[in-house]
Structures are given as structure tokens and as C-alpha cells.
Amino acid sequence: RPYSNQSSQFILHSDLEDVEIPKVSLDQYLFEKTHNWPQRIATECAATGRKYTYEEIQTKSINLNRNLRKKLKLQKGDVVALLLPNSPEFIMATIGALKAGLVVTTLNPIYTPDEIARQLKDSSTKAIITFVDFYELAKASANLTQSQINILTIKTQQGQAIPQGALNFDEFTEPCDYPDVPPPDTNDIAFLPYSSGTTGLPKGVQLSHRNILANLCQFNARELSVIQDTTQEHQDVIPAVLPKFHIYGLTATTLHLFYKGCKTVAISKFSPEGYLQTLRKYKPDVIFVAPPLVLFLASHPSVTSNDLQSIRSVVSGAAPLGALDEERFITKAQKDINILQGYGLTETSPMVAMTRAALKKLPNSSGTIGRPVSNTSVKIIDPNDPNETPLGANTTGELVVKGPQVMKGYHNRPEETRDAFTKDGWFRTGDMMYYDDNKLLFVSDRLKELIKVKGFQVPPAELEEIIRDFPEVKDAAVIGVPHPKDGEVPRAYIVGKNVDVNKLEEFVAQKVAPYKRLRGGIEIVESIPKNATGKILRRALKEEFEKKMK
Ligand code: 4UV
């Protein structure tokens, strides 16, 4: 549908030059430059010191690709699940699977067997790659799916035995005589991370090789690039604390930093002291964080200005970064550090918009997520306007996106895929935003039901489904309420006079990862507010909660 002149002027196109997206597969692209630094360490484990050079990653991933196809008979399009804490083997497993034409789905290793099994089943996973330490979890989860899933295990300590029934990952990275397959097509699916999108349960997000490659190229634009080129003399060192199973840690740290030739130090489990020790030992050049980590660095008494001296740039994303936290961080560092805020979603590989130093100099820019990245256009629409007419400056509405990083769709869910796009093909983010007179974007609110705890997705529908299974519960609704450290936490409203609230809390805790627990409380109510079609009016519950808190 053609735009009228009046409305097309309200489309925000990127103000950065377009970037060219090479027509190769992601695994080919990642090795485009690495021959320049084969002996440099690509990745190292902060806790155990396990490490691999760029050349080792290349050789072992080629071997893994052959072994996976030869020994497990995996074929193009089959799904491999990574159930891995941040670790140096993550990138090897990813590239090996991609080279074999497989699709990688990523799981949070603190998920419960129920949560893991749901994703394994939905994605029809054929093999899991995990740590020896997580074999029992992987097996229990695989058993719940009642299908045959091979489990490859990685040794994380010397002398560790491979559990009975598990396969030895090390053997899969040994040389293997087996014919190679042609590289994947750039439009083939590379990753299948899970996201609840605007509503409902987690869905597999189909990200093609090209989607991810586009985002890597967009991040490499001169104005946004935070990494110094790797040379004979220099290599940036970056701690990888953001989970690699989440799209932010996957694209922005794991893949981006591998392409750039950095040394990434994998932190498998965050602890304040451990993270601080890593900063002190490795003296990072850049850090990638979510807002709670900025808060930690700015306010924890053990962190000193000295600990932050090596840092040139900070990239923050996944949840709103408070202007005050940013200021506190700079005050603590006693140094002018370049802080960039990125905005994006799993469905957009993830980056849509980003700030940069020049934009932060504009008046009233505090808290902005910047402007669209290269090759990307956005507009703000009234979510209730059937014509989806773009709105002008300083008017809040839903942000919709067009660009090469936008997903193909949700796995096996044509209806939800259709709903995720406007009639003329723009991706609906479910985020309420506006842009100001300088064309800077600001996030105002979330239209979608998603809750974000420390930047992690918590889909209310998932918790509601579990709560409704509890004795005496007649109906339930879950919303996110503000939390000083973690952004938001889930709070439940239930109908059912005789419900034992403590037992319900315990029941939920057993079924979900710790960050999804009902830490915002449980309230018994007469009824759940719903509209005529039965949709829960979460906004009404939120407003009521805010009123009470005042
Ligand atoms: O699907 P997801 O879990 O994806 C993400 C992606 C995060 C990032 C981080 C750094 C980047 O440079 C980047 O491009 C992407 O978290 O959750 C998507 C939702 O998270 C909220 C928003 O509601 C999205 O729809 N969100 C993500 N980034 C921001 C944010 C932000 N900077 N400010 C406010 N909300």
C-alpha cells in the first residue's frame, strides 16, 4: 500500500550509510579475517583457563561438522540444542553445527527439565551439546520429550569421566574422514532462539544466516564500532558475562567478537567477586552489559575506579538503562567512558537502534536508544489504527521495523508469524516509543505482555499456565512490577479463595528457572479483568498496582 507523502515523511530511515551484506553463510563470514591471527587466543574460560586459538576453533569446528553428520547421521536443517553456560566451547559447537547445515537452538542451563523439554520438543531437537556436569539435566529433559536425542558432553575439568549413555564431545572434534557438504544458503535458518514475542508462550525465532550476518555488519559500521582492529601488536580483551544463549550475548559478544579477532573471556556463572576478579586479571578494553551490571559496577563498594580504568567503551542493552545509573558509573570510573545503549529483540537478531557519542551530545538525549542502525527503517504507529499510519515526532506509539535483520518468522506458527507483522510487512516490536525533534528514539513503555527480569524474558502466559494447574486456582494473571535491582519481577493475581499461597509459590519455583519466580507477590482477587474476547487486561492490573504503591 503506497504511503501518502504526508505519512512517508514520518518514516525514520537510518542516518548511517548502508552496509553491504556479503552473500555467504555465517560460518564462512566468521573466518573471513581469522587467517591474520591464527595463533591468537579466541576464547578462554575465566574459571578453569581452558582456551583455544582461532586456528583451533576453525579446525575443531570443521571436524565437529563432519563427525556430527557421520556419526549421528544429522542432516541439513536438523536442530542441535546447546545447553551450555558461557564457555570457550560455545563458539566451536555453534560453528561446527552451522557448517554442517544444522540449526542451533540455545537453552538457558538454569532451566528446569520442564522448560528444557518444551523447547526440545517444539524444535524437534536431534542432539544436545552440554557439559558433563549438566548430563543428568539434559537426560531428564530429553526423557520428558519421549524422543531419541543424542547427548554430547564436554569435559570441564581434567580427569572428568564421560557419563554412561553420553557421547564424548572431544571425540567429535577429532579429525574425521567424511565428505563436506556445500555451505548453507544465506537464507537458510542458522539459529532458533526462543522468545515469547508480544504474547503467549516462547516460540522458536527463525533467524537466517543473512539475518545474523546483517546484524554483524550493522554493528561494524564505523560510527558504532567499539572494537579496535586486531593487529600483530594489539588484541582487545572482552569478558563475556552476558549469556551466550540469549541473542544479545550470542550476536553482540560471541559472534561479533570472534569475527573481530578479540579474546573473549567466558564467565560461566556471574558472582560479584568473580566478575570483579576477571576485570582485575584481564583488564578489559570494552564491556557488554545489561543495566543491572552497570548498577553493580556503579554502586558495589568493592568496585573501585582502578577496576574500570582499562575500559574504553560500555555497550548496554536488553532493558532500559537509567540515566542516573549511567552518571553514577562515570562518577565511579572518574573517566570519560563511551557508553552506548543498544535496543533490539530476539526477533531482530537483535540490534534495531543504537546511540553513539555524537548523538549523546544533542540536547535532551539522556536515556535515548539512538537512531536506527544501517539498512534499517522504523516508524511509530498507533497500535489501534487499522491503517497503521506513521505518527510524527513526540507522539508515542508502537515501534515497527523493516530491515535485513528481521526474522523470517516463528517456527511452525503461521498465525503468530502473521500477527508479528503489520499488513505491509513491518515487524511489530510491542514496544511503545516516540522520537523527538532530533529523531532520537526513546522507549516509553512495553505494550506487549512480556516481563523482563535482569534483561531476561519472562512470559506471563508461561507462569499463568503453571499457576492454573495448582489446586483450587480458578483463574490467574501475571504482570511485571518494578524492582530496584532487577528491573521487573513477576507478580500473580489469582482467583480461588482456598488457595495456599505459600505452596503455590513453591510449586511455581519448582517448575521454572529462579529468575521467573513470583518475587513480586501473589494476590487473591475476586476476578481477573478481561475484555470482551477474554483477553487479560494486564494494563488495568498494572495501573491498580501502581496506584496502591503511591
Ligand atoms: O528478545 P529480547 O530478550 O532481546 C533483547 C535484546 C537486547 C539487545 C541488547 C543490546 C543490543 O545492542 C541490542 O541490539 C539488543 O533483550 O527482549 C526484547 C525486548 O527487551 C526490551 C524491549 O522491550 C524489547 O522488545 N529491550 C531491549 N533493549 C532495550 C529494551 C533497551 N535498550 N531499552 C529498553 N528496553
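Our subject is the structure that appears above.
The rules behind each value
Residues numbered from 1 in each chain as written. Predicted model: local features only at pLDDT ≥ 70, side-chain atom pairs only at ≥ 80, totals over all residues. Heavy atoms only, no water. Pairing = 2+ DSSP bridges. Helix = DSSP H or I, 4+ residues; strand = E, 2+ residues; numbered from the N terminus. Axes fitted to C-alpha atoms, helices over the stretch in contact; angles between N-to-C directions. Buried < 20%, exposed > 50% of the residue type's maximum accessible area, 1.4 Å probe, protein only. Polar contact = N/O pair within 3.5 Å; in protein donor to acceptor, adjacent residues only side chain to side chain. Contact = heavy atoms within 4.5 Å. Core = buried A, V, L, I, M, F, W, Y, C linked by side-chain atoms within 4.5 Å. Disulfide = S-S within 2.5 Å. Near = heavy atom within 4 Å. Areas by Shrake-Rupley, 256 points an atom, 1.4 Å probe, with all protein chains shown as cover. Parallel < 35°, antiparallel > 145°, perpendicular 65-115°, else oblique. Left-handed = near helix turned anticlockwise from the far one by under 90°. Nonpolar A, V, L, I, M, F, W, Y, C, P; charged D, E, K, R; others polar. 1 Å grid on protein atoms, 1.4 Å probe; cavity = no way out; pocket = protein on both sides within 12 Å on 5 of 7 lines; lining within 4 Å. Points joined across faces, edges and corners; volume = space filled by probe spheres on them.

Turning our eyes to something else, we now look at the sheet that holds strand S3 (residues 51-53). Reading across from one edge, S3-S2-S13-S12 is the order of the four strands in this open sheet, with mixed pairing throughout. Each edge of the open sheet carries a strand with a single partner, namely S3 and strand S12 (237-240). The mean angle between the axes of side-by-side strands here comes to 15°, regardless of whether they run parallel or antiparallel. Here four bridges tie S12 to strand S13 (residues 263-266), and the two strands are oriented parallel to one another. By the bridge assignment, Val 237 is partnered in S13 with Lys 263.

Another point: the side chain of Arg 428. With respect to the helices and strands, the residue Arg 428 is situated in strand S22 (residues 427-435). Relative accessible area serves as the criterion here: at 16%, Arg 428 is assigned to the buried category. A polar contact is formed between the side chain of Arg 428 and the side chain of Glu 398, at a distance of 3.2 Å. Contacts of Arg 428, omitting those with residues within four sequence positions, involve Thr 198, Ile 381, Pro 383, Glu 388, Glu 398, Leu 399, Val 400, Asp 419, Ala 420, Phe 421 and Thr 422.

The subject of this paragraph is unusual backbone geometry. Excluding glycine, most residues fall at negative phi; most peptide bonds, likewise, are trans. Cis peptide bonds are those with omega within 30 degrees of zero, and the linkage from Ser 349 to Pro 350 qualifies with 0°. Note on placement: Pro 350 falls in the loop between strand S16 (338-344) and strand S17 (351-354). A positive phi angle is found at Lys 283, which is not glycine, with a value near 45°. Here Lys 283 lies in the loop between helix H10 (272-282) and strand S14 (286-289). Residue classification places Lys 283 among the exposed residues on the basis of a relative accessible area of 52%. In this structure, Asn 394 takes a positive phi of about 60° despite not being glycine. Locating Asn 394 in the fold gives a position in the loop between strand S19 (377-381) and strand S20 (397-402). Judged by relative accessible area, Asn 394 falls into the partly exposed class, the value being 45%.

On to the nonpolar core. In terms of nonpolar packing, the biggest core is built from 68 residues, with Leu 26, Phe 191, Leu 255, Phe 258, Leu 399 and Leu 441 touching the most fellow members. Among the elements that take part in this core, helix H4 (residues 89-99) stands out by supplying seven residues, more than any other.

This next bit is on the state of the cysteines. A full pass over the atoms with the stated rule returns zero disulfides. Here Cys 262 is not cross-linked by a disulfide; its sulfur's nearest cysteine counterpart is in Cys 217, at 16 Å. Its relative accessible area of 1% is what places Cys 262 among the buried residues.

Okay, the site of the ligand next. Contacts to the ligand come from 22 residues, most closely from His 246, Thr 346, Asp 431, Lys 448 and Lys 452. One of the side-chain nitrogen or oxygen atoms of Gln 457 is found 2.9 Å away from an oxygen atom of the ligand. Taking 670 Å² as the accessible area of the ligand by itself, protein coverage stands at 99%. Sorting the residues of the shell around the ligand by element identifies helix H9 (247-260), S16 and strand S23 (441-446) as the ones contributing at least two each. For the shell around the ligand, the leading source of residues is S16, giving four residues.

Two elements in contact, helix H15 (residues 460-468) and helix H16 (residues 501-511), have axes whose closest approach is 10 Å; the angle formed by their N-to-C orientations is 125°. On the basis of the axis angle, H15 is oblique to H16. Between H15 and H16 lies a crossing of right-handed hand. Of the residues in H16, those in contact with Leu 463, Ile 466 and Ile 467 of H15 are Leu 504, Phe 507, Val 508 and Lys 511. The residue makeup of the contact of H15 with H16, split by class, is six nonpolar, no polar and one charged.

A few words on empty space enclosed by the protein. Applying the stated criterion to the full structure yields one cavity of 30 Å³ or more. Looking at the largest cavity, its volume works out to about 60 Å³. Around the largest cavity sit Ala 42, Thr 43, Tyr 54, Ile 91, Lys 244, Thr 254, Leu 257, Phe 258, Cys 262 and Thr 264, which together line it. Those elements that place two or more of their residues in the lining of the largest cavity are strand S2 (41-45) and H9. A total of three residues in the lining of the largest cavity trace back to one element, the largest contributor, which is H9. Taken together, the residues that form the lining of the largest cavity break down as six nonpolar, three polar and one charged.

That is the geometry; function is a separate question.
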